[in-house]
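Chain by chain, the residues run as shown.
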Amino acid sequence: MRKLETNDWIVLNNIIYKIHTTDNFDEMRHDLLEQLKMIIDYDSAYFLLASKEEGHLVGDPVAYNCDTNLTQMHEDLDYSRGIMLSGKSLIFRETDILSDDVRLETDYYKKVYKPNNWHFALQIIIARHKKFLGTITFYRTIGKENFHYDDIFILDMLKDHLSYRLEKYLSGLETSNEKLTISETIAKYDLSKREATVLKELMSGKDNSDICEELFITANTLKKHILNIYRKLGIKNRVNLFKLVKEKE
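Basis of the calculations
- Residues numbered from 1 in each chain as written.
- Predicted model: local features only at pLDDT ≥ 70, side-chain atom pairs only at ≥ 80, totals over all residues.
- Heavy atoms only, no water.
- Core = buried A, V, L, I, M, F, W, Y, C linked by side-chain atoms within 4.5 Å.
- Buried < 20%, exposed > 50% of the residue type's maximum accessible area, 1.4 Å probe, protein only.
- Contact = heavy atoms within 4.5 Å.
- Helix = DSSP H or I, 4+ residues; strand = E, 2+ residues; numbered from the N terminus.
- Expected span 1.5 Å × (residues − 1).
- Polar contact = N/O pair within 3.5 Å; in protein donor to acceptor, adjacent residues only side chain to side chain.
- Salt bridge = Lys/Arg side-chain N within 4 Å of Asp/Glu carboxyl O.
- Phe/Tyr/Trp six-rings, centres within 6.5 Å; stacked < 30°, edge-to-face > 60°.
- Lys NZ or Arg CZ within 6 Å of the ring centre and 35° of its normal.
- Arc of directions from axis to C-beta.
- Pairing = 2+ DSSP bridges.
- Axes fitted to C-alpha atoms, helices over the stretch in contact; angles between N-to-C directions.

(A) Main features of the nonpolar core. One finds Leu36, Phe47, Phe138 and Leu158 to be the most contacted residues of the largest nonpolar core, which totals 52 residues. What Leu36 contacts, discounting residues up to four positions off in sequence, is Ile15, Tyr42, Phe138, Ile154, Leu155 and Leu158. In terms of nonpolar packing, the next biggest core, distinct from the first, is built from 24 residues, Leu180, Tyr189, Met203 and Leu222 among them.

(B) Main features of helix H2 (residues 25–36). Taking 1.5 Å of rise per residue, 12 residues should cover 16 Å, and H2 covers 17 Å from first to last C-alpha, within 8% of that figure. The N-cap residue of H2 is Asn24: its side-chain oxygen and the backbone nitrogen of Asp26 are 3.1 Å apart.

(C) Structural context of the pattern of salt bridges. What the rule picks out here adds up to 14 salt bridges. For the salt bridge of Asp43 with Lys144, the shortest nitrogen-to-oxygen distance reads 3.0 Å. One end of the pair, Asp43, is in the loop between H2 and strand S1 (44–50); the other, Lys144, is in the loop between strand S5 (131–141) and helix H7 (149–170), with 101 residues separating them in the sequence. Accessibility expressed as a relative area gives 29% for Lys144, which makes it partly exposed. Across the salt bridge formed by Glu105 and Lys110, the nearest N and O atoms sit 3.8 Å from each other. Of the residues examined, Glu105 reaches a relative accessible area of 55% and is grouped as exposed. Owing to a relative accessible area of 41%, Lys110 belongs among the partly exposed residues under this scheme.

(D) Local environment of the side chain of Glu201. Its place among the elements puts Glu201 in helix H10 (residues 193–203). Not counting the four nearest positions on each side in its chain, Glu201 is found in contact with Lys206, Ile211, Glu214 and Leu215.

(E) How the structure looks around the packing of aromatic side chains. Taken as a whole and judged by the stated rule, the model has eight aromatic pairs. Plain terms: the ring middles of Tyr113 and Trp118 are 6.2 Å apart, the flat faces sit at 85 degrees to each other, and that makes the pair edge-to-face. Among the aromatic side chains, those forming a connected cluster through ring pairs are Tyr108, Tyr109, Tyr113, Trp118 and Tyr139. The residue whose ring lies beneath Arg93 is Tyr149, and the NZ or CZ to ring-centre distance is 4.5 Å. Its guanidinium or amino end placed over the ring of Phe147, Arg140 lies 4.2 Å from that ring's centre, counting from NZ or CZ.

(F) Representation of the environment of Asn116 in the model. Inspection of the secondary structure puts Asn116 in helix H6 (residues 107–116). Residue Asn116 is classed as partly exposed on the basis of its relative accessible area of 26%. Taking the C-alpha atoms as reference, Asn116 lies 9.2 Å from Ser44; in sequence the two are 72 residues apart.

(G) Representation of the side chain of His119 in the model. Residue placement: His119 occurs in strand S4 (residues 118–128). According to the relative accessible area criterion, His119 is buried, its value standing at 12%. Separated by 2.7 Å, the side chains of His119 and Tyr109 make a polar contact. Apart from the residues within four sequence positions on either side, His119 is in contact with Asp100, Arg103, Leu104, Tyr109, Tyr113, Arg140, Thr141 and Ile142.

(H) A look at H6. For H6, the full list of buried residues reads Tyr108, Tyr109, Val112 and Tyr113. Buried residues in H6, looked at end-on, bunch into an arc of 110 degrees, giving them a common side. Turned more than 90 degrees from where H6 packs its buried face, Lys114 and Pro115 sit exposed.

(I) A look at unusual backbone geometry. Even without being glycine, His129 reaches a positive phi, approximately 50 degrees. For His129, the location among the structural elements is in the loop between S4 and S5. A residue is classified by how much of its surface remains accessible, and His129, at 38% relative accessible area, is partly exposed.

(J) Representation of the sheet that holds strand S2 (residues 58–64). Strand order in the open sheet made by the five strands is S2-S1-S5-S4-S3, with antiparallel pairing throughout. Two strands bound the open sheet, and with one partner strand each, they are S2 and strand S3 (90–93). On average, each strand axis in the sheet is inclined to that of its neighbour by 15 degrees, with strand direction left out of account. Alignment of S3 against S4, held across four bridges, turns out to be antiparallel. Each residue of the ladder has a partner; that of Phe92, found in S4, is Gln123. Sheet strands in contact with H2 are S1, S2 and S5, and its direction is about 45 degrees off that of S2.

Take a look at the structure:
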């Protein structure tokens, strides 16, 4: 695995920042594919969302250097469909699933890869709370080496950020600014009984010292509970918490 240089980390940090702060969702997807080119070598890419249309798995494509009209063919022929429906975020090279000899004989390779001069693919399945949200596939043209495990490592650092943004967008929270009640948050994000208690205390506006005193716990224990809550909700701080959760039921 190659060692990421300082510039790579700067690019990666900027990508994560833009995932969360770019207001226009499609602009975020376009920027993501453009910026990832700086740290992952690929020739074409395809960013699809889980479809809201009955009978369809994916749709709403954003593409980099390829035809967006491939969406239906991607859905009909792509053999990773079963993985998409697993409800788990996964990152894999296509050759980790099928050998080259088998891939070359599939309809997907013949009808999608060959006309575009592609040979290798790297795919990230994006899911959250056991629900498929979208997928990004990166392609390399014939004659290039296969994707490396350091490419998987980079995408692995992005998958949780992407799953949080996609869930927010697809659930409509991003456009409606609708907040969850405390009870809805506890149920949706499967908070433990103790985490639920801490969340209620946080939403009451109390500072950490008051919460510790009331719950008879140390500052370090409270910090661990808060970090676990933030991790489950996919947020970074208390400001984000108040944007996501209603202060009162």
